[in-house]
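# Structural description and commentary
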Amino acid sequence: MKLKHLKLKRIDRYIIKQFLGTFVFSMTGIILIVVVFDVNEKIDKFMAPEVTLKEIILDYYVNFIPYFLSMFASLFTFIAVIFFTSKLADRSEIIAMLSTGMSFDRLMAPYGISAGIIALTMFILSAWIIPPANGKRLEFEYSYIKKNKKVEYAHNVQLEVEPGIFAYFDRYSNSSQMGYSFSLERFEGKTLVSRLTANSIKYDSLYHWTIIDFIVRDFDGMYEQHITTGTRRDTTLKFVPADFLISENDCEKMTTPALKTYIERQKKRGIGNIQTFEIEYHKRFANAFSFFILTAIGVSLSSSRKKGGMGLNIGIGLGLSFSYILFMTVTSSFAVGGMVSPMIASWIPNIIYTFIAIYLYRKAPR
């Protein structure tokens with residue numbers, strides 16, 4: 001293909017400008033409405049004397065807006081496509097384009113470029129920029145809105161510290177950083193060679209723990225070979241409380257590389273309640289493809305004039321987009337319940353709506 005064939009024509013620039021402009025306009029308008037409703041809902045919390053206006057604006061809303069945008073960016077994209085493409089169809093501009101010999105596939109090119117710009121931008125934001133912002137937002141919510149929502153206690157915790165070494169807590173309190181009825185077992189193959197039990201253990205800093213009132217039993221086969229007791233021992237154990245004090249919102253605070261590392265580490269340690277983290281990881285990639293799918297559906301629906309006009313197109317588009325979001329929520333709940341894998345749950349909506357997009361695309365005017 002010659003390089004000149006890759007250059008954007010005036011009609012391409014026009015469509016891209018209209019697409020992205022309508023996207024930003026619809027996004028801004030809806031976010032302003034959401035912020036107004038959110039302020040009205042939380043006004044009693046914001047009026048508390050310990051909450052400052054600076055915290056409300058900088059710690060909460062500056063970080064709430066990107067979070068909301070990442071959740072509903074695909075909806076904003078769909079609305080933008082439906083709205084401005086319906087306007088083009090009502091003004092007979094699409095008919096004029098096709099009558100000049102432009103194919104419908106060629107007409108889709110600037111739409112695909114626009115969807116790619118939005119998809120890449122949102123993927124970068126959701127992977128690296130929004131997670132740290134979510135951390136500040138959630139900290140504000142924990143402090144002033146959803147008080148005591150942090151996971152502060154854990155019961156019956158068991159994890160693999162290193163290959164062949166397993167730790168167990170009967171309970172752990174994050175406020176005191178103390179674990180109780182602690183044990184640490186060392187295996188060689190399937191044979192238990194050492195077992196430490198302690199009344200309590202205190203977390204100090206990264207990987208540094210203090211074991212209190214302990215007994216160490218060394219085994220030789222079925223027999224105890226040696227017993228050691230003590231009142232206090234400082235030691236290094238390669239885990240931290242965050243490894244088992246897991247909140248469902250913690251995944252929102254992790255960048256995509258950190259999320260992948262965390263999932264792999266937790267799987268190696270035998271911690272099973274990480275479905276929410278896996279769903280979040282796969283959803284970030286699936287969401288990037290949703291922009292292309294919903295754009296194709298939107299153009300196919302709104303590229304021809306209908307008796308109901310723009311209102312009918314917008315109504316059908318909103319119904320499809322909300323059903324997509326609902327379907328994503330339902331499949332995610334199946335993954336949390338263990339009925340399907342997190343990866344399949346994250347991609348099922350895209351797969352199904354891809355077939356819908358193909359069907360509507362073939363039915364679109366040529």
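### A look at the overall build of the protein chain
Within the protein chain one finds eight helices and six strands. In terms of C-alpha radius of gyration, the protein chain reaches 27 Å, well past the compact-globule figure of 21 Å for 366 residues. The buried share among the 366 residues of the protein chain stands at 43%. Taking contacts inside the protein chain between residues at least 6 apart in sequence as the whole, the part at least 24 apart equals 61%. Summed over all atoms, the accessible surface of the protein chain reaches about 19900 Å², with 62% contributed by carbon and sulfur.

### Thoughts on the nonpolar core
One finds Phe76, Leu107, Tyr111, Phe140 and Ile297 to be the most contacted residues of the largest nonpolar core, which totals 55 residues. Those elements giving two or more residues to this core turn out to be α1 (10–46), α2 (53–90), α3 (93–99), α4 (104–145), α6 (275–302), α7 (309–336) and α8 (342–363). For this core, the leading source of residues is α2, giving 18 residues. Residues within four places of Phe76 in sequence aside, it is in contact with Phe23, Ser26, Met27, Ile30, Ile31, Phe68 and Leu69. Judged by nonpolar contacts, the second largest core, of 33 residues, contains Ala154, Tyr172, Leu184 and Ile263.

### Side note on the pattern of salt bridges
For the coordinates displayed, the defined rule picks out 14 salt bridges. In this structure, Glu93 engages Arg91 in a salt bridge whose closest nitrogen and oxygen atoms are separated by 2.5 Å. Glu141 is the partner of Arg137 in a salt bridge, and the nearest nitrogen-oxygen pair spans 3.2 Å. Taken together, the positions of Arg137 and Glu141, both in helix α4 and four residues apart, correspond to about one turn of that helix. The exposure classification of Arg137 matches that of Glu141, with both residues buried. A single salt-bridge network, built from bridges that share partners, covers Arg137, Glu141, Lys146 and Glu252.

### Focus: the pairing of strand β5 (residues 208–220)
For strand β4 (residues 191–205) and β5, the ladder comprises ten bridges, and the chain directions are antiparallel. Note that in β5 the partner of Ala198 across the bridge is Phe214. Between β4 and β5, which pair antiparallel one after the other, the connecting turn spans two residues, and Tyr207 there sits at a positive phi close to 65°. Pairing of β5 with strand β6 (residues 223–236), which is carried by twelve bridges, proceeds in the antiparallel orientation. Note that in β6 the partner of Ile212 across the bridge is Arg232.

### As for the packing of α1 against α2
Close contact between α1 and α2 brings their axes to 6 Å; oriented N to C, the two are set at 140°. In terms of axis orientation, α1 runs oblique to α2. Relative to α2, the crossing made by α1 is right-handed.

Criteria and thresholds
Residues numbered from 1 in each chain as written. Predicted model: local features only at pLDDT ≥ 70, side-chain atom pairs only at ≥ 80, totals over all residues. Heavy atoms only, no water. Helix = DSSP H or I, 4+ residues; strand = E, 2+ residues; numbered from the N terminus. Rg over C-alpha atoms; globule rule 2.2 N^0.38 Å. Buried < 20%, exposed > 50% of the residue type's maximum accessible area, 1.4 Å probe, protein only. Contact = heavy atoms within 4.5 Å. Areas by Shrake-Rupley, 256 points an atom, 1.4 Å probe, with all protein chains shown as cover. Core = buried A, V, L, I, M, F, W, Y, C linked by side-chain atoms within 4.5 Å. Salt bridge = Lys/Arg side-chain N within 4 Å of Asp/Glu carboxyl O. Pairing = 2+ DSSP bridges. Axes fitted to C-alpha atoms, helices over the stretch in contact; angles between N-to-C directions. Parallel < 35°, antiparallel > 145°, perpendicular 65-115°, else oblique. Left-handed = near helix turned anticlockwise from the far one by under 90°.

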